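Okay, here's what each chain looks like letter by letter:
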Amino acid sequence: MSKGLVPPTPKTWNLTQVIEDSSENKCPNMNAQRYTRCLAAAISMSLNSLGAQSTTTVEDSEPAQNSDETVSNSTQSGDLANESPRERGRVLLKRNPIATEYQTAGDLGSSRGAYFDGEGVDFRGYFKSSFALDSTDQGSASMDVFFSDQSSIFKPGGSLSIREIFGESSDWAVEVSLRTSASDRIFEHYQSNWTELLQIDENGNRILDGNGQAIAQANSAGDEVYFLDRLRTSRDLIYTRSNAYKFRVEHAWNDAHRTYFEATITDYFSNNNRNRSEMNFRQSAALPGFGDAPQGESTSITEGVYSSAFIRRYNGDTDTDRFVQRYILGGTVERDDWSIDYSLYASEFENKTLWYDWNFFDFGLAGSYSVIDPYLPEFSLTRDGADFDVRDISQANFSSLRIHDTTTTDNDYAARVDFDTEIDLGSSDSFFSFGALYREKERGNEHDRQVFRANPDAPFTLEDVQKDFDPGFIVEATYPLSRGLAPNDGRNFVIENPDSFVLDPLSSRLETARQLYDAFEAVSGMYAHTSLGFGSLRIEAGSRIEYTETETTGTNIDEDGLIFETTQTNDYWNFLPTVEATYRISPSLKLTASWYEILMRPQYFDIVPYERISFPTRNITRGNPDLEPTVIDSYQIAVEYNHESIGEFGLEFYYKTISDFFFDAASTEQFNGETFNTSTIGNGEDGTIYGIQVLYEKEIDFLEPAFDTGTFSLAYTLSESEATVPTRPNEDLLVPGRSRHSVLAGISLEKGKFAGGTSLAYQSYSLDDVGSSRGEDRFREEILALDANLRYSLNEDIEFAVNIFNITDHPERAYVGNSTRIVNNQFGSWAARLSVNANF
């Protein structure tokens, strides 16, 4: 029969996942998915590189919040050990379907069916897949080694998978697999903070208004002016190890009824050691432009001289232990013209972090900076009139140590049932399906923090706990970096020298309280969906009704220092329709048009009522319990054409309207006489995204006979976008996270027993955070990644392979306001994996 119900993934293919599922990366015979599968085979690796060079925007104040909602590209390939810093910080985050980095290519003009939840809720409790009972006994094994150029360290890995069919009627099947991987990687950063220029008097003191707030200076055009007040250079040493296990058993009760039980376990460990030197400059009368209104229309002071400066030397030592258990019990009853799928799902996600947060300070300095190259500004420091070497840590006195012990736990349960039946309309396959889902998730964050201050009677410096390793110059050999803290020696020093540390019970209690929260979300959904064929015309239509409940509890501190809990609840209904029409004009020409709505719910942590203040980094973050879900309306019309000599070509025009989209609202506040950066997630008002998507694929005939086969693939997306936010109601902004241009391109070649190819991925700049003014907007610069792979098949069962990632070593970069004010410039180097794969 024609199976109308398909797995709950969008009809646009995730390129990386398609390639993982496709056997030997070869294009199947001509069918509805050939276009996108071949495209995926050529360019899938590019998505991994885009993530590999993505940066973490998390400062030293708190590690990123974690969640298993998002499955990163490295996760899809079973390689958690190769996650980028950006993905490591997103482990517990829901996917944003608006952002360019999560867009997919393929099936132009198609809608997301009514059975699909745009946020991916449906993947819980619904793992519809082919049964091993329909396969044969099979085994495979692999051995590999991962190498990172920056660290020059090799790490081994491997996998083993066994499938066995047994029973008198071959009615039982068992699959067992395991995968282990590890990596040692280095990421080097230049980061900075630009602060708004304030009015000061002749003594260098801030001039305050009637409300006691500092008054900003402005240039001749009336715009805010910013100066570089913190310049950071850092190196992250990241070791990761991941072990994944899977067990699945299936049984056919009879010809119609099959059931299965599947268990997956992930055991993950990582250590992140960060060594950072942060040059802190203070606004003073010696800085050009201070005291008098800046001349011209420049909004950035690119030359600064400071009579007062200091260095904050931060060393972070973080262990992460993650243990994830997932279980699913499901089955299928299939008759000649109908079928039922059912499943029960349960999981427990436990993420533990132990973080030693060290701060040392060098005071009594003066300094200057010069922004000739915005990506690599120059700076100099002096002490008592003599040049000061930033690598000199003999007077870097211990200031504070925070020991964070955090456990985040997710308990997740779901149940789902789906019914699918065939409709007889003559020669065309038609079906009707409906189903229901219930899923609830509860997250708890337990935290214990001990804050230690320096004991003036037992002082020590960073030199007393330094590493033997001298990092030398980093970030394109531009900045000197001092010896960092040796993690084990530092932890032992705490135990062996208790008199050097004074516990601050009040700060420990208050900072611990701000980390505690609980979140609960329950989703109930029902859908109906039909697909009707009328000769060359096919119409699909359906609707999904969802009811969502949330409850969050956060811990806050009042003005008197008293700790209290705040609980917030919310619930909402959503009706999400979908309709699609496809008309095949000829075997080589097809038209498709569709309209559908999807829902994006807030992150769990963002709706917790909380406020966190980090004094070392001068950051304030707040939750927003009033966040509303985002609703996205999508309209598509597309044409696909296949010509034997020209190739396969597709063109889609799309238009999306977005209500209540999420954005990171960044601003600054005066607190305790200092300027703090603030951040909270808010709802935008309205947004639109419109443009075209072009897909093209062509066999490279002119390379014959040098190669047996060759394929060129290209996917290009143009996105014009505009949005409004309540904090800046009279301005048209870009939709946050959406790049104007996105390109995925690749070439795959085969010659005898050799096969390989290259893939390129590009994204133009995008708006990341929306500030209170244009000068505080944060933009992510363009991303470019080039990968390559080569395989050699010794015989039908043994294959050797090498994959090289991020060949261009394109840095991850971001700026605030304009391209002069670069706030992030990160390098991660290229990496490679060599492997041997065998079937038995």
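In the block above lies the structure referred to throughout.
Residues numbered from 1 in each chain as written. Predicted model: local features only at pLDDT ≥ 70, side-chain atom pairs only at ≥ 80, totals over all residues. Heavy atoms only, no water.

(A) Representation of the overall build of the protein in the model. Per the secondary structure count, the protein includes seven helices and 37 strands. Counting every position in the protein, which comprises 840 residues, the buried fraction comes to 55%. Nonlocal contacts in the protein, meaning residues at least 24 apart in sequence, comprise 75% of its contacts between residues at least 6 apart. Surface summary for the protein: the accessible area is close to 35,100 Å², and the carbon and sulfur share equals 53%. (Helix = DSSP H or I, 4+ residues; strand = E, 2+ residues; numbered from the N terminus. Buried < 20%, exposed > 50% of the residue type's maximum accessible area, 1.4 Å probe, protein only. Contact = heavy atoms within 4.5 Å. Areas by Shrake-Rupley, 256 points an atom, 1.4 Å probe, with all protein chains shown as cover.)

(B) Looking closely at the pairing of strand E1 (residues 138–148). Bridge analysis of E1 against strand E2 (residues 153–166) gives eleven bridges, and the strand direction is antiparallel. Residue pairing for E2: Ser148 is matched across the bridge by Ile153. Two elements, E1 and strand E37 (residues 831–839), share nine bridges in a ladder whose sense is antiparallel. Along E37, the bridge assignment pairs Ser148 with Ala831. (Pairing = 2+ DSSP bridges.)

(C) Inspection of the pairing of strand E34 (residues 798–805) at higher detail. The pairing of strand E33 (residues 783–793) with E34 spans six bridges and is classified as antiparallel. Looking at the pairing, Tyr792 lines up with Phe800 of E34. Taking the residues between adjacent antiparallel strands as the criterion, E33 and E34 are bridged by four residues. In terms of strand pairing, E34 meets E37 through eight bridges, oriented antiparallel. Across the sheet, residue Ala801 finds its bridge partner in E37, namely Ser835.

(D) Inspection of the side chain of Thr678 at higher detail. Take Thr678: it is sitting in strand E25 (residues 674–683). Not counting the four nearest positions on each side in its chain, Thr678 is found in contact with Ile620, Arg622, Ala665, Ala666, Ser667, Thr668 and Glu669.

(E) Structural view of unusual backbone geometry. Although it is not a glycine, Asn806 sits at a positive phi angle of roughly 55 degrees. When you line up the elements, Asn806 lands in the loop between E34 and strand E35 (812–816). With phi around 50 degrees, Asp809 is a residue other than glycine that occupies positive phi space. Note that Asp809 resides in the loop between E34 and E35. Looking at Asp809, the relative accessible area reads 25%, which means it is partly exposed.

(F) Representation of the environment of Leu749 within the structure. Looking at the element boundaries, Leu749 is found in strand E29 (residues 741–751). Sequence separation of Leu749 and Leu790 is 41 residues, and the distance between their C-alpha atoms is 9.4 Å. Leave out the neighbours within four places in its chain, and Leu749 touches Leu703, Phe707, Thr709, Gly710, Phe754, Ala755 and Gly756.

(G) Seen up close, helix H6 (residues 487–496). For H6, the set of buried residues is Gly490, Arg491, Phe493 and Val494. Mapping the buried residues of H6 onto a view down its axis gives an arc of 155 degrees, with all of them on the same face. When the buried face of H6 is taken as reference, the exposed residues oriented beyond 90 degrees from it are Asn488, Ile495 and Glu496. In this structure, the buried side of H6 is in contact with strand E7 (303–334), strand E8 (338–370), strand E11 (397–424) and strand E15 (501–503). (Arc of directions from axis to C-beta.)

(H) The arrangement of a negative patch on the surface in detail. Taken together, the side chains of Glu334, Asp336, Asp337, Glu422, Asp424 and Asp429 present a region of like negative charge at the surface. Inspection of the secondary structure assignment puts Asp424 in strand E11. Here Asp424 falls in the exposed class, since its relative accessible area comes to 68%. (Patch = residues over 30% accessible without salt bridge, like charges linked within 9 Å, V, L, I, M, F, W, Y side chains within 5 Å. Salt bridge = Lys/Arg side-chain N within 4 Å of Asp/Glu carboxyl O. Lys, Arg positive; Asp, Glu negative; His and termini not counted. Charge placed at Lys NZ, Arg CZ, Asp CG, Glu CD.)

(I) Up close: a nonpolar patch on the surface. A cluster of nonpolar side chains, namely Val176, Phe247, Phe261, Tyr327, Leu329 and Leu344, defines an oily patch on the protein surface of about 500 Å² accessible area. If you trace the backbone, Val176 turns up in strand E3 (residues 172–196).

(J) Up close: the nonpolar core. Formed by 54 residues in total, the largest nonpolar core has its most connected members in Ile98, Met279, Tyr369 and Leu381. With four residues, strand E4 (residues 226–252) is the largest single contributor of residues to this core. Not counting the four nearest positions on each side in its chain, Ile98 is found in contact with Gln103, Met600, Ile632, Ile658, Phe661, Ile689, Val735, Pro736 and Arg738. Membership of the second largest hydrophobic core comes to 16 residues, among which are Ile393, Phe460, Val465 and Phe501. (Core = buried A, V, L, I, M, F, W, Y, C linked by side-chain atoms within 4.5 Å.)

(K) Molecular detail of the packing of aromatic side chains. Across all of its chains, the model carries 39 aromatic pairs by this definition. Where Tyr190 meets Tyr479, the ring centres are 5.8 Å apart and the plane angle is 20 degrees; that geometry is what we call stacked. Of this pair, Tyr190 sits in strand E3 while Tyr479 is found in strand E14 (residues 479–480), placing the two residues 289 residues apart along the sequence. For the residue pair Tyr190 and Tyr479, the accessibility class agrees, reading buried in each case. Ring centres of Phe460 and Phe501 lie 5.5 Å apart, and the angle between their planes is 55 degrees; on these two criteria the pair is classed as tilted. A residue pair is termed long-range when its members are at least 10 positions apart, and Phe460 in the loop between strand E12 (429–454) and strand E13 (473–474) and Phe501 in strand E15 qualify at 41 residues. Since its relative accessible area comes to 4%, Phe460 is described here as buried. One aromatic cluster is present, built from ring pairs that chain together Trp358, Phe360, Phe398, Phe452, Phe460, Phe493 and Phe501. Taking NZ or CZ as reference, Arg258 lies 5.4 Å from the ring centre of Phe131, over its face. (Phe/Tyr/Trp six-rings, centres within 6.5 Å; stacked < 30°, edge-to-face > 60°. Lys NZ or Arg CZ within 6 Å of the ring centre and 35° of its normal.)

(L) Highlighting the side chain of Asn574. Along the chain, Asn574 falls in strand E18 (residues 563–586). Looking at Asn574, the relative accessible area reads 12%, which means it is buried. Every residue in contact with Asn574, bar those within four places of it in the chain, is listed here: Arg544, Ile545, Glu546, Leu599 and Val631.

(M) Here's a closer look at the pattern of salt bridges. Within this structure, the stated rule accounts for 40 salt bridges. Note that Lys246 is salt-bridged to Glu262, the shortest N-O span being 4.0 Å. Pair noted here: Lys246 is in strand E4 and Glu262 is in strand E5 (residues 257–281), with a separation of 16 residues, a long-range link. On the basis of relative accessible area, Lys246 is assigned to the partly exposed category, the value being 32%. A salt bridge links Asp317 to Arg491, with the shortest nitrogen-to-oxygen separation between them at 2.8 Å. You can see Asp317 sitting in strand E7 and its partner Arg491 sitting in helix H6, a full 174 residues away along the chain. Residues Asp317 and Arg491 agree in their burial class; the two are buried.

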